[in-house]
Amino acid sequence: MRILVTGAGGFIGHHLVTYLKAQGHWVRGADLKKPEYAPTDADEFSVCDLRERAAADAAAQGVDEVYALAADMGGMGYISANHYTILSSNALININTLEGALRAGVKRYFYTSSACVYPEYKQTSADVVPLKEDDAYPAQPQDAYGWEKLLTERLCLHANEEKRITARIVRFHNIFGPQGTWDGGREKAPAAMCRKVAFAELSGNPEVEIWGDGKQTRSFCYIDDCVEGISRLMRSDHAEPLNLGQDRMVSIDQLADLVAAAAGVQIVKKHVPGPQGVRGRNSDNSKLRAVLGWEPRISLEEGLKRTYAWVREEVRRKHFPKAAARTS
Ligand code: NAD
């Protein structure tokens, strides 16, 4: 097939392009930028701004399927401080991309929503009840990022109802792995924690800063499981939004300890004020298991081991070039 992946210069999009190429498809990537950490495997790459309708129209020309991953996004620090920019940019990107796909006669469309759609009132305790797909309504996402995801989910659902296209909708729960943003302000918790622990290891200062009291909870899903889940959902006949994540909940303090264990480094946690997002969040994977007959299987320990090795090397090259590279 001929496939467009938007956001192909970003973390998940880059890995998805590699996965789709390995399956033998022809792939066009589209993004504001090319991938930062490794060359793309895409056959064609359009550097473009999907907030512009003409760019989205051009990107969708001649493809059978679209995976829409482009978004202005980042970790809690970024999402909680840029509501207007995120809502307006992402609404433009997603309306243009879906409209462009409809005009180009694309058959199948994949939209990447987020656990950030779930209402704040269901996530007030660290010991949270795992979130089911139906919990999204009555809607009250914490951030504009989540409101926009709900809007585009609805666009896709109505496009399905009107038989304009076959759309599939996923709600990711904290995807992590190598080649994700690890510094600069948009990084998410696992990459940020790997960076902080790598600094502790390479500088010899064991102090690691943690935003808040460290008791806030999340679940984390490794990138290889994520791209496999995307592929399975795209081929399924499930038209409603579906969670895709791990259902093992850990606190941010536990995440720090797991990264330190993966690194073989002793750390001293220092809790500092900072944006924390909702108090607790976990995925209910009942529907995922029922619909796909599958669920993510790479353990958090294994995923963090692979991610730490990659982030440590990035930190070493950029900040400690004289330190030795690890051999294992
Ligand atoms: P990412 O930030 O690494 O990738 C997004 C890409 O979109 C970036 O490369 C960015 O340059 C591109 N982009 C932004 N604005 C654009 C524009 N105007 N035109 C063209 N491209 C533009 O993020 P990611 O982690 O790879 O996430 C991919 C998708 O999955 C996003 O839609 C995100 O909201 C969603 N998601 C991710 C997570 C996660 O844990 N990573 C969780 C929930 C949902």
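Keep in mind that this is a model prediction, so the values were computed, not measured. (Residues numbered from 1 in each chain as written. Predicted model: local features only at pLDDT ≥ 70, side-chain atom pairs only at ≥ 80, totals over all residues. Heavy atoms only, no water.)

Draft legend 1. Seen up close, the site of the ligand. Surveying the vicinity of the ligand reveals 27 residues, the closest of which are Ile12, Asp31, Tyr145, Ile175 and Lys188. With respect to the ligand, the backbone of isoleucine 175 contributes an N or O atom lying 2.7 Å from an oxygen atom. Contributing elements (two or more residues each) for the shell around the ligand: helix H1 (11–22), strand E5 (108–114) and helix H5 (144–161). Of all the elements, E5 adds the most residues to the shell around the ligand, at 3 residues. Looking at the shell around the ligand residue by residue, the class counts come to 13 nonpolar, 7 polar and 7 charged. (Near = heavy atom within 4 Å. Polar contact = N/O pair within 3.5 Å; in protein donor to acceptor, adjacent residues only side chain to side chain. Helix = DSSP H or I, 4+ residues; strand = E, 2+ residues; numbered from the N terminus. Nonpolar A, V, L, I, M, F, W, Y, C, P; charged D, E, K, R; others polar.)

Draft legend 2. How the structure looks around the side chain of threonine 152. Secondary-structure assignment places threonine 152 in helix H5. Contacts of threonine 152, omitting those with residues within four sequence positions, involve Asn94 and Tyr111. (Contact = heavy atoms within 4.5 Å.)

Draft legend 3. Spotlight on the pairing of strand E4 (residues 65–68). Burial of the side chains of E4 extends over both faces: Glu65 and Tyr67 are buried on one face and Val66 and Ala68 on the other. Where strand E1 (residues 2–6) and E4 come together, 4 bridges link them in parallel fashion. Considered in E4, the bridge of valine 5 is made with tyrosine 67. Strand direction decides the pairing type here: E4 and E5, joined by 4 bridges, are parallel. Considered in E5, the bridge of glutamate 65 is made with arginine 108. (Buried < 20%, exposed > 50% of the residue type's maximum accessible area, 1.4 Å probe, protein only. Pairing = 2+ DSSP bridges.)

Draft legend 4. Representation of the packing of aromatic side chains in the model. If you walk through the whole model with that rule in mind, you get 4 aromatic pairs. Just above the ring of tyrosine 78 sits the side chain of arginine 186; from NZ or CZ to the centre is 4.1 Å. (Phe/Tyr/Trp six-rings, centres within 6.5 Å; stacked < 30°, edge-to-face > 60°. Lys NZ or Arg CZ within 6 Å of the ring centre and 35° of its normal.)

Draft legend 5. Layout of unusual backbone geometry. The peptide bond linking tyrosine 137 to proline 138 adopts the cis configuration, its omega dihedral lying at 0°. Among the structural elements, proline 138 can be located in the loop between E5 and H5. Of note, the phi angle at lysine 163 is positive, near 55°, even though the residue is not glycine. Here lysine 163 lies in the loop between H5 and strand E6 (166–172). Phi at asparagine 174 is positive, roughly 45°, even though this residue is not glycine. Along the chain, the position of asparagine 174 falls in the loop between E6 and strand E7 (175–176).

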